[in-house]
Each structure stands twice: as structure tokens, then as C-alpha cells.
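Descriptive analysis of the structure
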Amino acid sequence: MTLVRSTLLFALLFAALVSARQPQRGAPPPPPPPGASAGQPPGGRGGGRGAVQTMTLTSTAWADGGQIPAKYSQAGDQVSPPLAWSNVPDTAASFALLVHDLDAAAGNGTDDILQWMLWNIPAAARSLAEGVPQGSQLQDGTRQISASGPYYRGPGAPSAGPAHHYAFELFALDATLDVPAVGASPPQARAAVVAAMAGHVRAKGVLVGLFRRSP
């Protein structure tokens, strides 16, 4: 009897020891090592180049969300507005600017009107002066197009209906883009620039302006 009791006691102790060594069901997982977050390996961002930071894009012609003066529209002199930006990442090798009418459908209705697109703006640039000259490629290497040609196309929303929203989107890229400014239609050139930008955007700034023609 004594031997049976001793054997039973030993079996119970052994079972308790094994149970203590196994993780409990429903218990939270151990915390990740310092510098790691859920779903990402330690010391990085999933192998990527990091998050896209925010730049500040402004114009002395209007405040963000304000009315674009007629001077910069099709109803006026149609000169490009002055722009300036800051908080640029150190990795910037060039800039691209996309200006489009968010409220005007183009093509088959899945796109909008391209007011202006510039790419390969030099990395040292922090502004665009008012009245950028026409031409597919400027002296500093900047290339440009619009729905009308190689120049700035000003806002032209009609007086009937609400004002249109015109987005000025500036991208800081870690490369220059091997996309010619001639030889393709504006929609094709725009698509080629956007495709070439993929994976190279390090920062972005946005300025919005409203416009409609006077009755």
C-alpha cells in the first residue's frame, strides 16, 4: 500500500511540473523586443524605406483652401502662381508637382483635368517663382506638361455651379525620373510620371485653392 501511495504521489508531482512548464491557453504573447512593433521585424519598418513625411506647401497668392485670384486663371493672365515649400527630407533628389481639378472629370470619367505637371525639379529648389516660362524642358532640367500643352493651365471652372477645388500636390522623390516631356499625349505622360514615382516618394505637401469664373 505504501508503494502504491508513493507511486501515485510521484505521478501527481510530475504532472504538475509539466503543466507549469507549458504556456497557458489564452495567455498574452511575450512583448516584442525594443524597437519592434506588431507585424514588423525589430529595427525596421518591414524592409521598407520608412514613412512618407509631410512637407508644407504654400503660396503668397492665397491661403490653403482659399480663393485663387483671377490673375492665375484662364479668366485672367493665366500665369503660374508663386509656390514655396519646407520640411524637405534629406533624401530628396528631385521634386514633382501635380496640379489637377478635383471636380472636373476627364477621359472616360475615371480621371480629372491635368492643370499642370512638373517633374525633375532640382533637389535644391524650395520655391517656384510666379510665371514659370513655357516649354517642355526648362533650363534647370524641369519638365512640364498640362492638358493643353507644355505650360501652366490655369483654373477655368464656369460661373454656373459651385467653385472647383484645385489641388497642388508636391512630392519629394529620392530619384530623378526618366520620363520625356514630349512624344506622348498629356494623359500618357501623366500616367508615366506617376508610375515612375512609385516607390520613390519620401515626402508630400498639398495646397488647395478654389476657383470659379465671375458671373
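Along its length, the chain carries 2 helices and 10 strands. When the helices and strands of the chain are placed in sequence order, the string is α-β-β-β-β-β-β-β-β-β-α-β. Taken across its 215 residues, the chain has 35% of its residues classed as buried. Long-range pairs, those at least 24 residues apart, make up 75% of the contacts in the chain with a sequence separation of at least 6. On the chain, roughly 12,400 Å² of surface is accessible, and the fraction owed to carbon and sulfur atoms is 57%.

Within this structure, the stated rule accounts for 3 aromatic pairs. Considering the side-chain rings of Trp 85 and Phe 95, the 5.4 Å spacing of their centres and the 55° angle between planes classify their relative orientation as tilted. Taken as a pair, Trp 85 in strand β4 (residues 83-86) and Phe 95 in strand β5 (residues 94-106) lie far apart in primary sequence, 10 residues in all. As far as the burial class goes, Trp 85 and Phe 95 line up, both buried. Judged by centre distance (5.2 Å) and plane angle (80°), the rings of Trp 116 and Tyr 152 are edge-to-face. Of the two residues, Trp 116 is situated in strand β6 (residues 111-122) and Tyr 152 in the loop between β8 (143-145) and β9 (164-173); the sequence distance between them amounts to 36 residues. Here Tyr 152 falls in the buried class, since its relative accessible area comes to 6%.

Another aspect to go through is the nonpolar core. Grouped together as the largest cluster of nonpolar side chains are 28 residues, with contacts concentrated most on Trp 85, Phe 95, Leu 97, Trp 116 and Phe 168. Those elements giving two or more residues to this core turn out to be β4, β5, β6, β9 and β10 (201-211). Looking at this core, the element that brings in the most residues is β9, giving 4 residues. If we skip the residues at most four places from it in the chain, Phe 168 touches Leu 57, Trp 62, Ile 68, Pro 81, Leu 83, Leu 97, Leu 98, Val 99, Gly 205, Val 206 and Leu 207. In terms of nonpolar packing, the next biggest core, distinct from the first, is built from 15 residues, Met 117, Leu 177, Val 179 and Val 201 among them.

Let us now look at the pattern of salt bridges. Applying the stated criterion across every chain, the model contains 4 salt bridges. Put simply, Asp 174 and Arg 202 hold a salt bridge, and the shortest N to O gap is 3.0 Å. Of the two residues, Asp 174 sits in the loop between β9 and α2 (186-197) while Arg 202 sits in strand β10, which places them 28 residues apart along the sequence. By the burial criterion, Asp 174 is buried, and Arg 202 matches it.

About the thresholds
- Residues numbered from 1 in each chain as written.
- Predicted model: local features only at pLDDT ≥ 70, side-chain atom pairs only at ≥ 80, totals over all residues.
- Heavy atoms only, no water.
- Helix = DSSP H or I, 4+ residues; strand = E, 2+ residues; numbered from the N terminus.
- Buried < 20%, exposed > 50% of the residue type's maximum accessible area, 1.4 Å probe, protein only.
- Contact = heavy atoms within 4.5 Å.
- Areas by Shrake-Rupley, 256 points an atom, 1.4 Å probe, with all protein chains shown as cover.
- Phe/Tyr/Trp six-rings, centres within 6.5 Å; stacked < 30°, edge-to-face > 60°.
- Core = buried A, V, L, I, M, F, W, Y, C linked by side-chain atoms within 4.5 Å.
- Salt bridge = Lys/Arg side-chain N within 4 Å of Asp/Glu carboxyl O.

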